[in-house]
Amino acid sequence: MAREHGTGRTLGEILDAAADGRFPPPDGGTTVVPQESRRDAGVIAFTAHSVVFTDEDPDWVRSTLAATTCDALAATMNARFLAALLDRTGRTTDTVDLLTVAGPLPGEPPLELREIADPDHPRVRRALHRRDDVRVWAADGGVLILGRGVAGRWETAIEVDEDVRHRGLGRDLARAARHLVPDGRPVWSQQATGNARSVRAFQAAGYRPVGAESLMLPPAS
């Protein structure tokens, strides 16, 4: 059964605990919490417990999940529930991602990086649609993005040019983000579940899988 708003735990608190290895109870339940920003709504599925972060009525969430004809443990990531939530909110989404997290590393990254300060750079513009406090670095053959995303968590994303793949650059960029994240905070990343190369790169860089996430954003203006 979905738990309503006002349970005393915010999405940020739930994520902080998960980064520390403390997860919601695997009781088959769903916790519903308010959005922490207008931009970010969605669903995170941990092991046998899901968190729906939305400003929609928790009773609507509960009744819609109950009407979803599938295994109850899979209901929050079922395509019919996600489509219903998208229709109700008018939001957009790309895919269901694997959600991963890693702790910070000391010192400078062992990789030559050049920060891109141009706010009109296409990678900066794309990142600003999803994150705040965005910084972007370029390496030979790749790009590293760091910014504050869902519930203010630090998130990273990387891009590697096709002609330099299979040389460990993706792993090195993902690890570099652990050196660059401010304030000794953990750094999060999402990988599309079908993107096996990205999943392998982040896990080789020390990122731990913690769940699945479907992020829903307002339409681009």
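Each remark here, short or long, concerns the structure printed above.
Below, the structure is looked at part by part. The structure displayed is predicted, hence computed values, not measured ones.

So, how was this worked out
Residues numbered from 1 in each chain as written. Predicted model: local features only at pLDDT ≥ 70, side-chain atom pairs only at ≥ 80, totals over all residues. Heavy atoms only, no water. Helix = DSSP H or I, 4+ residues; strand = E, 2+ residues; numbered from the N terminus. Rg over C-alpha atoms; globule rule 2.2 N^0.38 Å. Buried < 20%, exposed > 50% of the residue type's maximum accessible area, 1.4 Å probe, protein only. Contact = heavy atoms within 4.5 Å. Areas by Shrake-Rupley, 256 points an atom, 1.4 Å probe, with all protein chains shown as cover. Salt bridge = Lys/Arg side-chain N within 4 Å of Asp/Glu carboxyl O. Expected span 1.5 Å × (residues − 1). 1 Å grid on protein atoms, 1.4 Å probe; cavity = no way out; pocket = protein on both sides within 12 Å on 5 of 7 lines; lining within 4 Å. Points joined across faces, edges and corners; volume = space filled by probe spheres on them. Nonpolar A, V, L, I, M, F, W, Y, C, P; charged D, E, K, R; others polar. Arc of directions from axis to C-beta.

**Digging into the overall build of the protein chain**
- The helix and strand tally for the protein chain stands at 6 helices and 11 strands.
- Compactness check: the protein chain gives a C-alpha radius of gyration of 18 Å against a globular reference of 17 Å for 221 residues, within 12% of the reference.
- In terms of principal-axis extent, the alpha carbons of the protein chain reach across some 50 × 35 × 30 Å.
- In the protein chain, buried positions account for 49% of the 221 residues.
- Counting contacts in the protein chain only where the partners sit at least 6 residues apart, residues at least 24 apart contribute 65% of the total.
- As presented, the protein chain carries roughly 10,900 Å² of accessible surface, and 49% of it is formed by carbon and sulfur atoms.

**Focus: the pattern of salt bridges**
- Taken as a whole and assessed by the stated rule, the structure comprises 15 salt bridges.
- The shortest N-O distance in the salt bridge between E115 and R135 comes to 2.8 Å. Of this pair, E115 sits in strand 6 (residues 114-116) while R135 is found in strand 7 (residues 132-139), placing the two residues 20 residues apart along the sequence.
- Classification of R135 as partly exposed rests on a relative accessible area of 40%.

**Comments concerning helix 5 (residues 169-180)**
- The terminal C-alpha atoms of helix 5, which comprises 12 residues, lie 16 Å apart, in line with the 16 Å expected from a rise of 1.5 Å per residue.
- The element helix 5 is extensively covered by neighbouring structure, given that 9 of its 12 residues are classed as buried.
- Within helix 5 the residues assigned to the buried category are L169, G170, L173, A174, A176, A177, R178, H179 and L180.
- Its buried side turned inward, helix 5 meets strand 5 (96-102), strand 7, strand 8 (142-148), strand 9 (154-160), strand 10 (187-192) and helix 6 (196-204).

**Focus: the environment of A176**
- Positionally, A176 belongs in helix 5.
- Expressed as a C-alpha distance, the spacing of A176 and P218, which sit 42 residues apart in the sequence, is 30 Å.
- When residues no more than four places from it in sequence are discounted, the contact partners of A176 are P109, L111, L113 and L144.

**Focus on the side chain of S214**
- Turning to its location among the elements, S214 is positioned in strand 11 (residues 208-216).
- For S214, a relative accessible area of 2% puts it in the buried group.
- Ignoring sequence-local partners within four residues, the contact set of S214 consists of A41, G42, V43, M77, L82, T93, T95 and V96.

**Some details on the environment of R200**
- Relative to the helices and strands, R200 resides in helix 6.
- By relative accessible area, which is 52% here, R200 ends up exposed.

**Concerning the layout of surface pockets**
- In this structure, the largest pocket occupies an estimated 1,100 Å³ of space.
- Along the walls of the largest pocket sit 38 residues, with A157, I158, Q190, N195 and S198 positioned nearest its centre.
- Breaking the lining of the largest pocket down by element, the ones donating at least two residues are helix 4 (122-128), strand 9, helix 5, strand 10, helix 6 and strand 11.
- A breakdown of the residues in the lining of the largest pocket according to their chemical character gives 12 nonpolar, 12 polar and 14 charged.

**Observations regarding helix 6**
- Buried within helix 6 we find S198, V199, A201 and F202. Here the buried residues of helix 6 occupy an arc of 165° about the axis, which is enough to place them on one side.
- In the segment just after helix 6, G206 is the residue with positive phi, at about 95°.

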